[in-house]
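# Report on the structure
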Amino acid sequence: MTTTPLDQVAVTQTKRGSLAGRYFRRPLGVIALLLFVVVLVIAIFAPLLAPHDPNLVDFALTKAPPGPGHLLGGDSAGRDILSRLIYGARTTLYGAFITCLTGLVLGTPAGVAAGYFGGTLDRILMWISDALQSVPAMIVLLIVAAGTGSNFTVLMVAIGIFLAPGYFRISRTLAQSVRQEAYIDAARVAGLKTPRILGTHVSPAVYAPIIIQTALTAGIAMGMQAGLQFLGIGAASTPSWGAMMNDGFSNMLSHPNILLWPSLALGLTIASLALVGSTLADLVGVPTVPTRKKRRWAVPVRRDGDAAPAPTPAATVVGGVTPSKAAEACESALRIENLRVAYPGADGDTEVVHGVSLEAAPGEVLGIVGESGSGKSQTIFAALDLLPAGGMASSDGIWINGTQVGSLSRRKRHAMFGSGVGYVPQEPMTNLDPCYTIAHQLMEPLRVVSGLSRKEARERARDTLARVGISDPDRVLASYPHQISGGMAQRVLIAGAVICRPTLLVADEPTTALDVLVQAEVLELLRELKDEYGMALVMVTHNFGVVADICDRVVVMKDGRVVEEGPVDRIFANPADPYTAELISASLDDTDSRERIDGARTESERTFA
Ligand SMILES: Nc1ncnc2c1ncn2[C@@H]1O[C@H](COP(=O)(O)OP(=O)(O)OP(=O)(O)O)[C@@H](O)[C@H]1O
């Protein structure tokens, strides 16, 4: 095995520090948090802290000014203002809790589902959300109050329903952005089921913004709650800041202190929550949503549940294949027959892959080569069920490791990918989930798909990291993606792709994002792994140098078509198509490559016309 220096690259420590550490460096945020904690403590320990029974009436105390024994004075009914204020905190926080819980439980899962699956589900949920936002909430709340005898908890649940669209919209937007992340594709190819992907890879992106939303929603809930109580809705025996404000409002001119204290308590509590929320938003607003270098087309990935226009999705159409071809396909690691991929556009569907057929035998290294936009990735995406939203694929069949994947349910197809197919994507960094350690990401498919115990999975992960040339696997296992270099990340991805010992490894431009030295090492590693595990390797590249280096056979693509295929030696010695010849010389001599390729395109077009 070749020893490599990649793992020598120092693991960089994060300079940002933990979220809590950064939060406590914000004085305003700290003051706001302290204020809220004080209100919370007062609410929890109200029976211990209140000097009097909040409902005890003492006529001598009616509208009394502050004095000994009654530090804030008495209200218009002769009750101790301080005690009512303390118990009011309890009512207010309880109400806000019920409201936030309702909004959270209804809005967040719905938003994640709508954002991740898109399509009809998204449209229906968006419609419900819009409808809820257009209903005049206060009128409905008054009706609910009348119908339930002003049941406080029911009213707070009703407010929560009206505030659920806030949670829905945030989680929908975040799920939409995360579902385009390459590490979600990688998780799907690794065979993880959708609930697992939603739970472990999509939800973490939603957590921090949802906490911020909760802080803001709690403030809004308190305001609405106080508004209802101000209108006299709610049990008279329950001390509440809104009811106290109502009382104070009636005596505002003669006894302003009755209005002052509940208003101050409510204002400060809402302001503290708003400040906590905005401080958190400042700190986590951008980094919590992982950014992916957008694919050229920048449209969301189609998922289960999306409305997929005809023709049928990738690998689901079987037809036009003779029995002999089907039998041959059973021998192949990968076989694609007459694949077409199209996208809807303003002027109808645009086909970007036009009837591509190719095959990789077990143990063989097949190169798919072509310039940018020639359809290499679309071909592979269609085979691995990773087409972006709107992508429509039809074929006469796609076989992976001898199985016609179109005849399998999506679930079985993905389970098969997990154990039989490894996928090494283009951009190492974006294919690792920033929320989890490398250990978690390598062990997850082993535990979930292969059923290994935690100990076994960890050992396998450590061994595989060592095998891909990382000399300090324990340190890398404990690292987060941002703590490792690009070269090391690519090795981690290769380790992840081969960790379940697949029989087919698909590598989509695995060296593009790496420098020249690291490129050579990664190619060497892929070659070694392929020999060691007996895998077929499908190598997608724009570089004939890579093809010369590692491939047995090559398929040359241009404008969504296969222009030529054959053994690498023959293609290099005697390219049949002028485009192939120019691609070879452009790859071997980088100068003026674009002009030469363009020239060859013209020549080739003449040949094909
Ligand atoms: N979502 C999409 N909508 C419309 N056209 C698309 C979409 N995705 C890809 N295409 C088109 O499909 C064609 C093939 O793209 P593909 O990504 O397969 O090229 P490629 O050969 O892999 O190039 P690269 O290596 O640069 O990714 C391109 O012309 C591209 O513009």
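For the structure itself, look to the data block above.
Before going into details, it helps to say that this report is about the structure given with it. (Residues numbered from 1 in each chain as written. Predicted model: local features only at pLDDT ≥ 70, side-chain atom pairs only at ≥ 80, totals over all residues. Heavy atoms only, no water.)

Moving on, we come to the overall build of the protein chain. Looking only at helices and strands, the protein chain has 23 helices and eleven strands in total. Within the span of the protein chain, comprising 609 residues, buried residues form 52% of the whole. Here the contacts in the protein chain between residues at least 6 apart in sequence split such that 73% fall between residues at least 24 apart. With an accessible surface of roughly 25600 Å², the protein chain has 63% of that area assigned to carbon and sulfur atoms. (Helix = DSSP H or I, 4+ residues; strand = E, 2+ residues; numbered from the N terminus. Buried < 20%, exposed > 50% of the residue type's maximum accessible area, 1.4 Å probe, protein only. Contact = heavy atoms within 4.5 Å. Areas by Shrake-Rupley, 256 points an atom, 1.4 Å probe, with all protein chains shown as cover.)

Let us now look at the sheet that holds strand 7 (residues 421-424). Strand-to-strand pairing in sheets goes through backbone hydrogen bonds, with the strands running parallel or antiparallel. Taken together, six strands build an open sheet; the order of strands is 7-8-9-3-10-11 and the sheet is mixed. Of all strands in the sheet, those with a lone pairing partner are strand 7 and strand 11 (561-567), marking the two edges. Going from strand to strand, the sheet's axes swing by 15° on average, the running direction of each strand aside. One ladder, built from four bridges, connects strand 7 with strand 8 (residues 504-508); its direction is parallel. In the sheet register, Val424 faces strand 8, and the bridge partner there is Ala507. Against the sheet, helix 14 (residues 410-420) makes contact with strand 7 and strand 8, and its axis sits at roughly 75° relative to strand 7, the strand it touches most. (Pairing = 2+ DSSP bridges. Axes fitted to C-alpha atoms, helices over the stretch in contact; angles between N-to-C directions.)

Time to look at the packing of aromatic side chains. This model, assessed by the stated rule, comprises five aromatic pairs. Considering the side-chain rings of Phe230 and Phe249, the 5.5 Å spacing of their centres and the 70° angle between planes classify their relative orientation as edge-to-face. Separated by 19 residues along the polypeptide, Phe230 in helix 9 (residues 194-230) and Phe249 in helix 10 (residues 241-250) bring together distant segments of the chain. (Phe/Tyr/Trp six-rings, centres within 6.5 Å; stacked < 30°, edge-to-face > 60°.)

This next bit is on the environment of Phe117. As for its placement among the helices and strands, Phe117 is situated in helix 4 (residues 81-117). For Phe117, a relative accessible area of 16% gives the class buried. Through-space distance from the C-alpha of Phe117 to that of Gln176 is 8.5 Å; in sequence the pair is 59 residues apart.

Attention now moves to empty space enclosed by the protein. According to the stated counting rule, one finds five cavities of 30 Å³ or more in the structure shown. Along the wall of the largest cavity there are 26 residues; nearest its centre are Ala186, Ala190, Gln441, Pro445 and Gly496. Breaking the lining of the largest cavity down by element, the ones donating at least two residues are helix 8 (182-189), strand 7, helix 15 (438-448) and helix 18 (486-498). Within the lining of the largest cavity, the residues separate by chemical class into 18 nonpolar, six polar and two charged. Counting the residues that make up the lining of the largest cavity, at least three belong to each of domain 1 (42-60 + 70-284) and domain 2 (361-390 + 405-574). (1 Å grid on protein atoms, 1.4 Å probe; cavity = no way out; pocket = protein on both sides within 12 Å on 5 of 7 lines; lining within 4 Å. Points joined across faces, edges and corners; volume = space filled by probe spheres on them. Nonpolar A, V, L, I, M, F, W, Y, C, P; charged D, E, K, R; others polar. Domains from an automatic or database assignment.)

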